[in-house]
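Structure assessment
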Amino acid sequence: MSIKVATLDSVDLNGKKVLLRVDFNSPLNENKKIIDFSRIKIHVKTIGELIDKNASVVILTHQGRPGMEDFSDLSEHSLLLEKELGYKVNFIDDIIGPHARNSIFMLKDGEVLMLDNVRFLSEENIEASGDFHSKSYMVRKLAPLFNYFINDAFATAHRKHASIVGFPYVLPSLAGRVMESEVIALKEIRDPKISPKIFVLGGTKINDSIRIINNILKNSNSSTRVLLTGLVSELFLFASGIDIGKSNKEKLEKLGGISLLSNAKSILLNYKDRILLPEDFVIEGGGVVDIKELPKKEGLIKDIGEKTIEEYSNIMREAKVIVLRGPAGVIEEKEYMKGSIELVKNAASTNAKVILGGGHLTAVLDFIPENLRTRIHNSSGGGALLLYLSGEMLPGIEALSFSASKFNLDGIQLE
Ligand SMILES: Nc1ncnc2c1ncn2[C@@H]1O[C@H](COP(=O)(O)OP(=O)(O)O)[C@@H](O)[C@H]1O
Ligand SMILES: O=C(OP(=O)(O)O)[C@H](O)COP(=O)(O)O
């Protein structure tokens, strides 16, 4: 399959109205305040360039998922963007209603408008084809107001959501600078011949992780290994028959882990020697517990322990490529950051190409010495990055490619 996507260089954007999908999805604290705004910063380049090109820019993004604690409106995001950009950003708490449509219609060349959280619209969250989403209310209401759609949200390119795959069906669509630089940077690393690849996966998105781990292992040779940390590792430990203790089982249950046990079991069965699980954990209060002692020394798992850090670091030394996604522990609490910091630091101390993904692990970079930090490609994507590196074509990129050929746009050849 030929994959060609158009970029900001493909068309003349002077005086054009563009709908720009970015990924401003950021970690929030318990008061719903943004604690790390790197996701906002990375899109400043694309937005600045569109302003310089005299386009009028309407920004569309999401924050969190419906029902989750980090699901919020985007008023703070727009203020932070305005500060980073040094340019007026008009925020409206609407997406497709008359207020939004009228504001878009009235927007002048060089002005920037930001709409509210696109996931407030239930149809956005349906996983479906571009054809299906092109008939959604949102696409039908918004698309006629624009000349172009630009997707800069590499980190959401693995979702078949309306704002990702729907617009390219009906509007000539381009990759923004973030999307473009990601696909160029990852082109070489996607090559299955570059191995061993080591994936260090943590965080809490256990549902996604099952799909990702399966894909990585299925599409790679036996030298590729997956080292698990975070809540994902608790799921796999439990699936492997280890008693992780009552409070950890309850935590897993609350986050939907129990229904995934059989999937985790079958992955373990198929790829036993290629998945590594932690040997020890730091539990709430700071004590270190060997996994065999977990049921006796009951405590909420907060980070990986020293033995695990050492073992994982030894394995990383053999790698040609190391990809880390999702924190090894509850990094919002400083005392449980160590596992994540050490793994990133030790990965960057090898000779491998190191890629860091996901919205949370980036926070660790502030604790990595400058000489090592510069060795790391800090990808804007998490799940998207991993699926892309595991050989899958992402729906968001596919949709851009579809659009380039439908609207006869020039662009860059990816495959
Ligand atoms: N063992 C654990 N138990 C509970 N939460 C964890 C654990 N390890 C990591 N986390 C949490 O994982 C969250 C980030 O996960 P996720 O959203 O999957 O990462 P990313 O945004 O980088 O893809 C953080 O809020 C962190 O506190
Ligand atoms: O943060 C994101 O993904 P990531 O945690 O995999 O990097 C993206 O914003 C996608 O969000 P989603 O996983 O709720 O669709």
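Quick notes on the rules
- Residues numbered from 1 in each chain as written.
- Chains lettered and ligands numbered in written order.
- Predicted model: local features only at pLDDT ≥ 70, side-chain atom pairs only at ≥ 80, totals over all residues.
- Domains from an automatic or database assignment.
- Contact = placed C-beta atoms within 7 Å.
- Helix = DSSP H or I, 4+ residues; strand = E, 2+ residues; numbered from the N terminus.
- Near = placed C-beta within 6 Å.
- Nonpolar A, V, L, I, M, F, W, Y, C, P; charged D, E, K, R; others polar.
- UniProt positions renumbered as here; feature names shortened; annotations may be inferred.
- Buried ≥ 20, exposed ≤ 12 C-beta atoms within 10 Å, placed from the backbone.
- Axes fitted to C-alpha atoms, helices over the stretch in contact; angles between N-to-C directions.
- Parallel < 35°, antiparallel > 145°, perpendicular 65-115°, else oblique.
- Core = buried A, V, L, I, M, F, W, Y, C linked by C-beta atoms within 7 Å.
- Pairing = 2+ DSSP bridges.
- Right-handed = clockwise from strand over helix to strand, strands pointing away.

Here's the deal with the domain arrangement of the protein chain
According to the domain assignment, the protein chain consists of domain 1 (4–183 + 393–413) and domain 2 (191–389). The centre of domain 1, based on its C-alpha atoms, is set 30 Å off from the matching centre of domain 2. The interface of domain 1 with domain 2 comprises 16 residues on the first partner and twelve residues on the second. Contributing elements (two or more residues each) for the side of domain 1 that touches domain 2: α1 (38–42) and α8 (177–187).

Let's talk about the site of ligand 1
Near ligand 1 there are 20 residues, and of these Gly 203, Gly 230, Gly 358, His 360 and Gly 382 occur at the shortest range. Here the element with the most residues in the shell around ligand 1 is helix α10 (residues 230–239); it accounts for three residues. Looking at the shell around ligand 1 residue by residue, the classes come out as six nonpolar, ten polar and four charged.

Focus on the UniProt feature "binding site: ATP" (unreviewed entry) in the protein chain
The UniProt entry lists Glu 332, Gly 358, Gly 359, His 360 and Leu 361 under the feature "binding site: ATP" (unreviewed entry), expressed in the numbering used here. Take Glu 332: there are 15 C-beta atoms within 10 Å of it, and that puts it in the partly exposed class. Contact partners of Gly 358, with chain neighbours within four places excluded, come to Gly 203, Arg 325, Gly 326 and Gly 382.

Quick notes on the packing of helix α7 (residues 162–170) against helix α17 (residues 395–406)
Direction vectors running N to C along α7 and α17 enclose 10°, while the axes themselves pass 8 Å from each other. In terms of orientation, α7 and α17 fall into the roughly parallel class. Note on element contacts: α17 touches α7 through Pro 395, Gly 396, Ala 399, Leu 400, Phe 402 and Ser 403, opposite Ile 164, Val 165 and Pro 168. Taken together, the residues of the contact of α7 with α17 break down into seven nonpolar, two polar and no charged.

Here we look at the UniProt feature "binding site: (2R)-3-phosphoglycerate" (unreviewed entry) in the protein chain
Those residues carrying the UniProt feature "binding site: (2R)-3-phosphoglycerate" (unreviewed entry) are Arg 39, Arg 119 and Arg 159 in this numbering. Inspection of the secondary structure assignment puts Arg 39 in helix α1. Residue Arg 39 is classed as buried on the basis of its C-beta count, with 24 C-beta atoms lying within 10 Å. Each residue touching Arg 39, except ones within four places of it in the same chain, is listed here: Asp 23, Phe 24, Asn 25, Ser 26, Gly 359 and Ser 380. Inspection of the secondary structure puts Arg 159 in the loop between β6 (148–151) and α7. Judged by local crowding, Arg 159 falls into the buried class, with 20 C-beta atoms found within 10 Å. Excluding its chain neighbours within four sequence positions, the residues that come into contact with Arg 159 are Ile 164 and Pro 395.

Thoughts on the site of ligand 2
Every residue near ligand 2 is listed here: Asp 23, Asn 25, Arg 65, Ala 155, Thr 156, Arg 159, Lys 205, Gly 358, Gly 359, Gly 381, Gly 382 and Gly 383. Taken together, the residues that form the shell around ligand 2 break down as one nonpolar, seven polar and four charged. Built from parts of two domains, the shell around ligand 2 gets at least three residues from each of domain 1 (4–183 + 393–413) and domain 2 (191–389).

Quick look at the nonpolar core
One broad rule of soluble globular proteins: the nonpolar side chains tend to lie buried together. Val 18, Leu 20, Leu 235 and Ile 322 are the most contacted members of the largest nonpolar core, which totals 119 residues. Residue contributions to this core reach at least three from each of two domains, namely domain 1 (4–183 + 393–413) and domain 2 (191–389). Aside from chain neighbours lying at most four places away, what touches Val 18 is Leu 13, Leu 50, Ala 55, Val 57, Phe 146, Asn 147, Tyr 148 and Ile 150.

Re the sheet that holds strand β7 (residues 173–175)
If you trace the six strands from one edge of the open sheet to the other, you get β4-β5-β3-β2-β6-β7, paired in parallel fashion. Among the strands making up the open sheet, the edge pair consists of β4 (90–91) and β7. Where β6 meets β7, three bridges bridge the pair, whose relative direction is parallel. Within β7, the position partnered with Ile 150 by the bridge is Leu 174.

A look at the pairing of β6
Both faces of β6 are covered, namely the face carrying Tyr 148 and Ile 150 and the face carrying Phe 149 and Asn 151. Relative to β6, strand β2 (residues 17–21) runs parallel, the two sharing four bridges. What sits directly across from Arg 21, in β6, is Asn 151. Where the polypeptide runs from β6 across α7 and back to β7, its parallel neighbour, the crossover connection is right-handed.

Observations concerning unusual backbone geometry
Put simply, Ser 195 and Pro 196 share a cis peptide bond, and its omega is 5°. Of note in this structure, Asn 54 is not a glycine but carries a positive phi near 70°. For Asn 54, the location among the structural elements is in the loop between α2 (44–52) and β3 (56–60).

Here's the deal with the pairing of strand β15 (residues 353–357)
Taken across its five residues, β15 has four buried, putting it largely inside the fold. By the bridge criterion, five bridges tie strand β14 (residues 321–325) to β15 in an arrangement that is parallel. Considered in β15, the bridge of Arg 325 is made with Gly 357. In this region the chain leaves β14, passes through helix α14 (residues 338–348) and returns to the parallel neighbour β15; the handedness of that crossover is right-handed. Judged from the three bridges that link them, β15 and strand β16 (residues 376–378) form a sheet pairing that is parallel. Each residue of the ladder has a partner; that of Ile 355, found in β16, is His 377.

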